[in-house]
Amino acid sequence: MSRLPDRIKELQDLAENLIWVWKPKAREIFKILDHPAWHSTGHNPVHMLQIIPQERLDAAATDPSFLKKYDSMIHNYHSILETQDTWFSKEFPEYKGKIAYLSTEYGLHQSLPIYSGGLGILSGDHVKESSDLGLPFVGVGFVYPQGYFKQRIPRNGWQQAEYENIDFSKSPIKPVQANGDSQLTIELQYPTSLFLRVWSMNVGRTPIYLMDTDIEQNQPWDRGLSARLYGGDREMRIRQEIVLGFGALKILSHLGHNPDVYHLNEGHTSFSALELLRQEMLGNGLSFDEAKEDVRKKVVFTTHTPVAAGHDQFSFELVSKYFQNFWESLGISREDFLSLGAFDWGYGDGPRFNMTTLGIRLSRYQNAVSKLNGEVSQEMWKDLYSSPEFRDRSPLAYVTNGVHVPTWVSGPFQNLYTKYLGKNWLRQQDDHDIWEKIDNIPNVELWNTRQEARKRMFSFLREKTRAHRIQGDRDSRLTLAAGALLDPEALTIGFARRFATYKRAGLIFQNIERIKANLLDPYTPVQIIFAGKAHPQDDAGKHVLQKIFQKVVSGEYGGRIAFIEDYDMQMGRYLVQGCDVWLNNPEKPMEASGTSGMKAAINGVVNFSILDGWWPEAYTGGNGYVIGGQEFSNYDEQNQYDADSLYKILETEIRPLFYRRNRENIPLEWCEVIKNSIKTVTPQFSARRMLKEYVQNAYSPKKKD
Ligand SMILES: *Cc1c(COP(=O)(O)O)cnc(C)c1O
């Protein structure tokens, strides 16, 4: 183990606070300290500081140019942690409360695989922005010792899942200390005894507490409970959700937090409202009805999916198995208890205990994640909202998702924005006026910046392929699949997302001859980069992936299509920064919001999408492209119509604009689309705008008297 010289000892603190993820100067310090170690640890500064040779550290501690950067960053870091001058403290100077956020996953950085996709990355962006805005905020969730899976795709295209243990000692996740040296553990009755270990990590100014159950005091079956994100069957799921919901509340109160807002991110966390109910009834002596009223005052609930199967529900029998003690101890009847979650979808299999209805019933504010998703969700839950218990309550609202701009915008574009929007552009990122200055950027500079981002993506992809071959993957078809023949100058379409069937990853192959003509055109070719994981239990999704992969390895497409395995946040960043066009063609209205297209737009990558999720709110006519528009009840007709529309726009609008160049080889009209996209999307679909809306509409902080 290396030791840090005193002169640079605060590198340890900086490494252990995930703020470096979105502070380029902090990342630069780690990178220049030891580039190979930075690379070999997958950009993990905690691990890196453990393996750097002592001589490197000693040299850095006496290197004036390193020390200058170090001192400036450490100064900056302290002032961020200590300042009282934040948006929140200016808006709500009297507020002394706390906002707790509960989520099953947090996507903060690729080195911490405790996220699977959009929902987790949204949580991560929410937490990062809470730090930037200075919200009195705390997150709670699980740490999964085996995380989410790594994806391997063999020649046959059938996705394989590999799990690796997270080594906590090489991560910014630290044990929360109890009295003495031991790690804090918390006992739950669920209904028999179970112990949680408590961990914490700092994301800028915001702490996140994480729990897991892998400790000796627990039965083997309980130890594995938190092993993997979304592993196991229904019973495993209810047990995880009980542990998360009840555990989160116990951890917060044990650590002295007494939030006045609990934001439940999706139904997986709804059981926490039952712990609040228990506290009100047993702690404060309220009746069942009074307690429900009081719980509602504190809870905010977000729903993320218009897909019925995406809402967790459990049979009454399973719920009774775990909750009989609970309702008996509160002195309420089984019927009263079940009424909190009971919901019947009307598919003929009767009512179930639904985690979304539980969250809706026990919250004062509920929201969907885009305007369209709000309308769809209102329709979906209309029986619930029209029931007598909802008579005096507000309808389901929406807060459209946004992305954490400093996490997702590429280095070259950060520099460009600083040059043309001013050095405070990040601080003013949600101000539409500053984005008008995008028009002042000379097209040649805009285009050079795009080329730089694209070059970085291709070198990332090439190095990934090289690493594969070095590790023994010498099948040349797999090298082809990984993008070895991609052309750094060709119009590049990105399609990277979870492989759920409704996302229709294969739509672009609806008419093979027609897409081939686009791909293989000798003068104005198109190429497509695919990436994404299917949920480990979703065989239909794996089939979609396999069919695409088989095309990719077939060689028939001249290497103009690629499938990059193991999509994660790092690859996501390179793709949303380096492609030209971001394709999204889900079955409408299944996409609740979608966020990758927002990440693309802020990097000058143009959206080409069905009018679903967030895109209807963003599309202005000149800032990207719309696929389809007409709706059919027949699935095949819909696919045919949407695919025809996709080809037509690609052939008559996107390709001509991208390849029409001036004498300096700049696509002037394409640059106009890029500019329109950046300036309309960035301020509106930033996590900053989103969080301010949550504060104003949902958290509504009141002055404490
Ligand atoms: C942004 C992101 C997602 C979510 O993208 P959608 O457009 O919502 O599907 C999923 N995975 C990763 C790695 C991402 O970066």
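Residues numbered from 1 in each chain as written. Predicted model: local features only at pLDDT ≥ 70, side-chain atom pairs only at ≥ 80, totals over all residues. Heavy atoms only, no water.

### A closer look at the sheet that holds strand E11 (residues 313-314)
Spatial ordering of the open sheet is given by E11-E13-E12, a layout of three strands whose pairing is antiparallel. The open sheet terminates on both sides in strands that have one partner only, identified here as E11 and strand E12 (342-343). Pairing between E11 and strand E13 (residues 352-354): two bridges, direction antiparallel. When the bridges of E13 are listed, Gln-313 appears paired with Asn-354. (Pairing = 2+ DSSP bridges. Helix = DSSP H or I, 4+ residues; strand = E, 2+ residues; numbered from the N terminus.)

### Some remarks on the layout of surface pockets
For the second largest pocket, the calculated volume is near 390 Å³. Residue lining of the second largest pocket: 21 residues in total, with Gln-84, Ser-89, Gly-134, Leu-135 and Pro-136 positioned closest to the centre. For the lining of the second largest pocket, the secondary-structure elements that each account for two or more residues are helix H6 (64-82), helix H7 (87-91), helix H8 (118-133) and strand E8 (206-212). Split by residue class, the lining of the second largest pocket holds nine nonpolar, eight polar and four charged. (1 Å grid on protein atoms, 1.4 Å probe; cavity = no way out; pocket = protein on both sides within 12 Å on 5 of 7 lines; lining within 4 Å. Points joined across faces, edges and corners; volume = space filled by probe spheres on them. Nonpolar A, V, L, I, M, F, W, Y, C, P; charged D, E, K, R; others polar.)

### Some points on the nonpolar core
Ranked by internal contacts, the top residues of the largest apolar core, which has 137 residues, are Leu-11, Leu-135, Phe-271, Leu-274, Phe-323, Phe-337 and Tyr-699. A total of 10 residues in this core trace back to one element, the largest contributor, which is helix H10 (residues 234-254). Filtering out sequence-adjacent residues up to four positions away, Phe-271 remains in contact with Ile-238, Glu-241, Ile-242, Gly-245, Phe-246, Phe-323, Phe-353, Met-355 and Leu-358. Within the second largest apolar cluster, 94 residues are counted, among which are Phe-413, Ile-438, Leu-478 and Leu-583. (Core = buried A, V, L, I, M, F, W, Y, C linked by side-chain atoms within 4.5 Å. Buried < 20%, exposed > 50% of the residue type's maximum accessible area, 1.4 Å probe, protein only. Contact = heavy atoms within 4.5 Å.)

### Brief notes about the pattern of salt bridges
Oppositely charged side chains are able to pair whenever their charged atoms sit close together. In the structure shown here, the tally under the stated rule is 47 salt bridges. Taking the shortest distance from any N to any O, the salt bridge between Glu-293 and Arg-296 comes out at 3.0 Å. Of this pair, Glu-293 and Arg-296 both sit in helix H12 (residues 288-298), three residues apart, which is roughly one turn of that helix. Residue Glu-556 pairs with Lys-516 through a salt bridge whose shortest N-O separation is 2.7 Å. Of the two residues, Glu-556 sits in the loop between helix H24 (539-554) and strand E18 (561-564) while Lys-516 sits in helix H23 (residues 512-519), which places them 40 residues apart along the sequence. Overlapping salt bridges, with partners in common, bring together Arg-234, Arg-237, Glu-241 and Asp-312 in one network. (Salt bridge = Lys/Arg side-chain N within 4 Å of Asp/Glu carboxyl O.)

### Section: empty space enclosed by the protein
According to the stated counting rule, one finds three cavities of 30 Å³ or more in the structure shown. Estimated volume of the largest cavity: approximately 160 Å³. Lining of the largest cavity is provided by 13 residues; of these, His-468, Leu-478, Ala-482, Phe-563 and Glu-565 occupy positions nearest its centre. Listing elements by their share of the lining of the largest cavity, those giving two or more residues are helix H21 (443-470), helix H22 (476-481) and E18. When residues of the lining of the largest cavity are assigned to their parent elements, the largest contribution, four residues, is made by H21. Residue composition of the lining of the largest cavity, grouped by class: eight nonpolar, two polar and three charged. Estimated volume of the second largest cavity: approximately 60 Å³. Lining of the second largest cavity is provided by Thr-104, Phe-142, Tyr-144, Tyr-230, Arg-237, Gln-240, Glu-241, Leu-244 and His-268. The element that contributes the greatest number of residues to the lining of the second largest cavity is H10, accounting for four residues.

### Points about the pairing of strand E19 (residues 581-584)
Because side chains alternate across E19, one face comprises the buried residues Val-581 and Leu-583, and the other comprises Trp-582 and Asn-584, equally buried. With two bridges connecting them, strand E16 (residues 491-496) and E19 associate as parallel partners. Bridge assignment links Ile-493 to a residue of E19, and that residue is Val-581. Summarising the sheet, E19 and strand E20 (residues 606-610) pair through four bridges and their orientation is parallel. Note that in E20 the partner of Val-581 across the bridge is Val-606. For the segment spanning E19, helix H26 (residues 596-602) and E20, crossover handedness is right-handed. (Right-handed = clockwise from strand over helix to strand, strands pointing away.)

### Structural notes on the packing of aromatic side chains
Enumeration according to the criterion identifies 49 aromatic pairs in this entry. An aromatic cluster is present here, built from Phe-246, Phe-271, Phe-323, Phe-326, Trp-327, Phe-337 and Phe-353 joined pairwise through their rings. We note Lys-516 situated over the ring of Tyr-557; from NZ or CZ to the ring centre the distance is 5.3 Å. Across the ring face of Phe-509, the terminal group of Lys-551 is positioned such that the distance to the ring centre comes to 5.1 Å. (Phe/Tyr/Trp six-rings, centres within 6.5 Å; stacked < 30°, edge-to-face > 60°. Lys NZ or Arg CZ within 6 Å of the ring centre and 35° of its normal.)

### Brief notes about the site of the ligand
If you check the shell around the ligand, you find 13 residues, and the closest are Ile-121, Lys-503, Thr-595, Ser-596 and Lys-599. Ser-596 places a polar side-chain atom, nitrogen or oxygen, 2.5 Å from an oxygen atom of the ligand. Within the side chain of Lys-599, an N or O atom sits 2.6 Å from an oxygen atom of the ligand. When the ligand sits alone it has 390 Å² of accessible area, and the protein chains cover 94% of it. Going through the elements one at a time, H8 and H26 are the ones with two or more residues in the shell around the ligand. When its residues are assigned to classes, the shell around the ligand shows four nonpolar, five polar and four charged. (Near = heavy atom within 4 Å. Polar contact = N/O pair within 3.5 Å; in protein donor to acceptor, adjacent residues only side chain to side chain. Areas by Shrake-Rupley, 256 points an atom, 1.4 Å probe, with all protein chains shown as cover.)

### Comments concerning the side chain of His-126
Mapped onto the secondary structure, His-126 falls in helix H8. Judged by relative accessible area, which is 1%, His-126 ranks as buried.

### So, the packing of helix H2 (residues 24-33) against H6
Running from amino to carboxyl end, H2 crosses H6 at an angle of 150°, the nearest separation of the two axes being 10 Å. Considered as vectors, H2 and H6 are oriented roughly antiparallel to each other. Between H2 and H6 lies a crossing of left-handed hand. Across the interface between the two elements, Lys-25, Ala-26, Glu-28, Ile-29, Ile-32 and Leu-33 of H2 pack against Phe-66, Lys-69, Tyr-70 and Met-73 of H6. (Axes fitted to C-alpha atoms, helices over the stretch in contact; angles between N-to-C directions. Parallel < 35°, antiparallel > 145°, perpendicular 65-115°, else oblique. Left-handed = near helix turned anticlockwise from the far one by under 90°.)

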